[in-house]
Amino acid sequence: MEEKNRVDYISIHLSQVHNIRNMEKEYIKYYYFFRENYYREIPKDRKIRVLDMGCGLGEAINALKKLGYEDITGVDYSLECVEFCRNHFMYSEGVKICQGDALDYFYSCSEKYDVILFNDIIEHFILEDVIKILKGMKLCLNRDGIIIIKTMNGGNSILGSTTLYSDLTHKIMFDEFSLKEAVVIAGFKNVKVKKANLYCFFYNPLNYVAWGINGFISIILRLYFMLNNKKNKIFTKNIIAVVTK
């Protein structure tokens, strides 16, 4: 991947899928997603150390701040993303933003974290590098620390492939079984993979309809997979792995 493509990630990709000019609206939507899918998994002690690797536009950082967490580090390879987050959170106490590569960061960092977030990043690496990154995370994780990984779901044959090819920098895709396998190969023993609930914005009645339709399609896919001796049970667009040492 060319250097310019990596550095200008906002211009090339994120601006196509996010409303960069109205990030406050994006932050509000993501806050509900974070609270539904992540908050119940992480410690409620607001003084824990949290690392958001691949912080992008700062959606998770904003959600963490809104929930009262006081020690947050955001790291991204993209200079545009780093500059964007630094400008947005420059007056936010307890937030540090820096540039770094996931492949190198965990092996050069002397810090230890209680929670490491790895959202929509793992699919940008080949498998060999994925294992290396996961092993590096283990080195930087405090005792009883937690890693939360979100990625596109290869088990959904419709949305999975569409999401895979929506970004030229995507290199790999996992389903609920292969994601767990990668984490175990990296040396972790405790991992659960769950669905990512997109329909958590219940202030909008249409989400109830979308949730119902998605549930019906999941039942059909489950039956189809069973007929073909496949054990997949998660058919949401994204899957989440919650990993502990």
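Refer to the structure printed above.
Residues numbered from 1 in each chain as written. Predicted model: local features only at pLDDT ≥ 70, side-chain atom pairs only at ≥ 80, totals over all residues. Heavy atoms only, no water.

1. As for the packing of helix α7 (residues 127–139) against helix α9 (residues 176–185)
1) Next: α9 packs onto α7 with a crossing angle of 55° between their chain directions and a minimal axis gap of 8 Å. When the axes of α7 and α9 are compared, the pair comes out oblique. Here α7 and α9 pass one another in a crossing that is right-handed. Mapping the contact onto sequence places Ile131, Leu134 and Lys135 in α7 and Ala182, Val183 and Ile185 in α9. (Axes fitted to C-alpha atoms, helices over the stretch in contact; angles between N-to-C directions. Helix = DSSP H or I, 4+ residues; strand = E, 2+ residues; numbered from the N terminus. Parallel < 35°, antiparallel > 145°, perpendicular 65-115°, else oblique. Left-handed = near helix turned anticlockwise from the far one by under 90°. Contact = heavy atoms within 4.5 Å.)

2. A word on the sheet that holds strand β4 (residues 113–119)
1) Next: Taken in spatial order, the seven strands line up as β3-β2-β1-β4-β5-β7-β6 in an open sheet, and their pairing is mixed. Strands with a single pairing partner mark the edges of an open sheet, and in this sheet they are β3 (95–99) and β6 (190–195). Each strand axis lies, on average, 15° off the axis of its neighbour in the sheet, ignoring direction.
2) Next: Direction of pairing for strand β2 (residues 71–76) relative to β3: parallel, over a ladder of five bridges. For Ile72, the partnering residue across the bridge sits in β3 and is Val95.
3) Next: Together, β4 and β5 (141–152) form the strand contacts of α7, whose direction differs from that of β5 by roughly 150°.
4) Next: Those strands touched by α9 are β5, β6 and β7 (238–244), and its axis lies near 155° from that of β6. (Pairing = 2+ DSSP bridges.)

3. Details of the environment of Tyr38
1) Next: Among the secondary structure elements, Tyr38 is positioned in the loop between α3 (23–37) and β1 (49–53).
2) Next: Residue classification places Tyr38 among the buried residues on the basis of a relative accessible area of 0%.
3) Next: Sequence separation between Tyr38 and Met90 is 52 residues, and the spatial gap between their C-alpha atoms is 25 Å.
4) Next: The contact partners of Tyr38, leaving out residues within four places of it in the chain, are Tyr30, Phe33, Leu117, Asn119, Ile148, Lys150 and Ile240. (Buried < 20%, exposed > 50% of the residue type's maximum accessible area, 1.4 Å probe, protein only.)

4. Description of the pattern of salt bridges
1) Next: All told, the structure shown has seven salt bridges when counted by the stated rule.
2) Next: Here Asp71 makes a salt bridge to Arg49, at a shortest N to O gap of 3.3 Å. With a gap of 22 residues between them, Asp71 in strand β2 and Arg49 in strand β1 connect regions that are remote in the sequence.
3) Next: In this structure Asp71 comes out as partly exposed when scored by relative accessible area, which is 25%.
4) Next: Arg49 is the salt-bridge partner of Glu111, the closest N and O atoms lying 2.6 Å from each other. With Glu111 in the loop between α6 (102–108) and β4 and Arg49 in strand β1, the pair connects residues that are 62 residues apart, well separated along the chain.
5) Next: Residues participating in the shared-partner salt-bridge network are Glu41, Lys192 and Lys194. (Salt bridge = Lys/Arg side-chain N within 4 Å of Asp/Glu carboxyl O.)

5. Side note on a nonpolar patch on the surface
1) Next: Nonpolar side chains collect at one region of the surface, where Leu206, Val209, Ile213, Phe216, Ile217, Ile219, Ile220, Leu223 and Met226 lie side by side and expose about 890 Å² of accessible area between them.
2) Next: Locating Val209 in the fold gives a position in helix α10 (residues 206–227).
3) Next: Residue classification places Val209 among the partly exposed residues on the basis of a relative accessible area of 47%. (Patch = residues over 30% accessible without salt bridge, like charges linked within 9 Å, V, L, I, M, F, W, Y side chains within 5 Å. Areas by Shrake-Rupley, 256 points an atom, 1.4 Å probe, with all protein chains shown as cover.)

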